[in-house]
Amino acid sequence: MNNNFKCLFLLLACNYSLFSMEIMENLPAEPTTIGTEINSPGTYGFTFLGPLEPQIYNDSLITINSSDVVVDLKNCSFSQTGTLTGFNGIKINPYLSNIVIKNGCMKDLTGKGIYISDGCSEIQIEKMIINSCDAGGIYCDGSTYGCAGLSITESSISTCTGLDYGPAYGLYVKNASNVNITRSYFTYNNSKGSPAYAAYLENCDSCHFINAVFGYNSGTPLGVGVYMKNCTDSQFLYCSGSYNYLTDNLSTSSAIGFVFDGTSGSGITQSVAVKNGALVGNGIGYKILNGSNNLFKECDAQGNSGSNTGAGYVLSGSEDSTHILESYSLSNVGGSAGYGILIDGATNCTILDNRLNNHSGAVAGVAYLDTSTSNGNVIKHNLYYHNSTQADVD
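Now for a look at the structure at hand. Worth saying up front: this structure is predicted, and the values here are computed from it rather than measured. (Residues numbered from 1 in each chain as written. Predicted model: local features only at pLDDT ≥ 70, side-chain atom pairs only at ≥ 80, totals over all residues. Heavy atoms only, no water.)

1. Remarks on the overall build of the protein chain
Argument step 1. A count of helical and extended segments in the protein chain gives zero helices and 39 strands.
Argument step 2. For 394 residues, the compact-globule estimate of 2.2 N^0.38 gives 21 Å, and the protein chain sits close to it at 22 Å.
Argument step 3. Taken over the C-alpha atoms alone, the protein chain extends approximately 75 × 35 × 35 Å along its principal axes.
Argument step 4. For the protein chain, the residues scored as buried account for 57% of the 394 residues in total.
Argument step 5. Here the protein chain has roughly 15,100 Å² of accessible surface; of this, 48% comes from carbon and sulfur atoms.
Argument step 6. Once the 16 positive and 31 negative side-chain charges of the protein chain are each reduced to a mean point, those two points are 5 Å apart. (Helix = DSSP H or I, 4+ residues; strand = E, 2+ residues; numbered from the N terminus. Rg over C-alpha atoms; globule rule 2.2 N^0.38 Å. Buried < 20%, exposed > 50% of the residue type's maximum accessible area, 1.4 Å probe, protein only. Areas by Shrake-Rupley, 256 points an atom, 1.4 Å probe, with all protein chains shown as cover. Lys, Arg positive; Asp, Glu negative; His and termini not counted. Charge placed at Lys NZ, Arg CZ, Asp CG, Glu CD.)

2. Re the packing of aromatic side chains
Argument step 1. The tally for this structure, following the rule as stated, stands at 25 aromatic pairs.
Argument step 2. On the numbers, 4.9 Å between centres and 5° between planes, the contact of tyrosine 216 with tyrosine 243 is stacked. Note that tyrosine 216 is positioned in the loop between β18 (213–215) and β19 (218–219) and tyrosine 243 in the loop between β22 (240–242) and β23 (245–246), a separation of 27 residues in sequence.
Argument step 3. Under the relative-accessibility criterion, tyrosine 243 is labelled partly exposed at 31%.
Argument step 4. Relative to tyrosine 313, the ring of phenylalanine 296 has its centre 6.3 Å away and its plane inclined at 80°; by these criteria the two rings are edge-to-face. In this pair, phenylalanine 296 sits in strand β28 (residues 295–297) while tyrosine 313 sits in strand β31 (residues 309–316), placing the two residues 17 residues apart along the sequence. (Phe/Tyr/Trp six-rings, centres within 6.5 Å; stacked < 30°, edge-to-face > 60°.)

3. Examining the pairing of strand β27 (residues 282–289)
Argument step 1. Here β27 lies mainly inside the structure; seven of its eight residues are buried.
Argument step 2. Summarising the sheet, strand β24 (residues 254–261) and β27 pair through seven bridges and their orientation is parallel. Pairing of phenylalanine 260 across the sheet is with isoleucine 288, part of β27.
Argument step 3. Bridge count between β27 and β31: seven bridges; the pairing is parallel. Along β31, the bridge assignment pairs leucine 289 with serine 316. (Pairing = 2+ DSSP bridges.)

4. Section: unusual backbone geometry
Argument step 1. For the peptide bond that leads from threonine 220 to proline 221, omega is 0°, which places it in the cis range.
Argument step 2. The topology assignment puts proline 221 in the loop between β19 and β20 (222–229).
Argument step 3. A positive phi angle, close to 55°, is found at asparagine 175, a residue other than glycine.
Argument step 4. Assignment of secondary structure puts asparagine 175 in the loop between β13 (168–174) and β14 (176–182).
Argument step 5. Phi angles above zero are rare outside glycine, and tyrosine 243 is one such case at about 60°.

This is the structure in structure tokens:
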């Protein structure tokens, strides 16, 4: 494992800009300042010259009604003034394909930054900054017909909040396939009354995350970097789910770097989950439950903590045939218990060739704990020392 793997967070700023539009390729129709509609294929260039106040509920700055469209914001930014609710930055209407949105900033919106409707395919988001959107940063809703081919590259989604104290989402994707996230940041998304997720994906297939950061997200009773629910065949490489925390004081709440809930066939390689937790509750690096055949290799979980439990990896529920190999779990601390790896109900799992050191808690501080002895788990060739209630094995 590369111990020099580092998480880099960008300090990205948006400039305010009245709204104008340049239509490239000699396409007709002048847009209005708010509620601009794109009805024909082509490449469209936009500039923004100041924050604007919408006049219609649930409107959007730009609505795309055609396939085969490129929207280039030309490194300019847009922000909303006023309190009119449900105002989106860019909305892609249903059943459209081959859309590119790039090179701009959307911030301070009462709706979603980018809203991708049901049945869309081949959507590319490149070099976008999306900040402080009440209903989510990027929202892809394939509820009925699904979506396919969502790509997010070199973008930053941050400080998105939950609408009316609801869940906060930096990225929300439901019923999609071939989702690719590369060199992007999902940070500081928060809810004061509900869970917060840097990224939440449900019923998705073939998702690939490379060099993505999911950190400093906060909510109640969950503050989570990535939550994968009922997903299949996902891959994470060089990703970070770190410094997620809680906004409540409930002992049952959890701050977690990565959650794999009902997922199968996922591979997580050379990724890190560091310092998730809070003074009250639980801090967990990776939580894996109710799925099967997931692989964690050369991963790192360090310094996760809580007043109850601090744990590097937790395998629970009906999780089956998942493997943690050649990975690190270090210095996870709980007021009650600190675990390198906690196996609580999972079956037929392999824990092999890991380093599990320096865990502590008032009741237990152990490299690993399997709560059952008749579940087919194989735990071998792990090195561990300086755990507060377990003898060293070098």
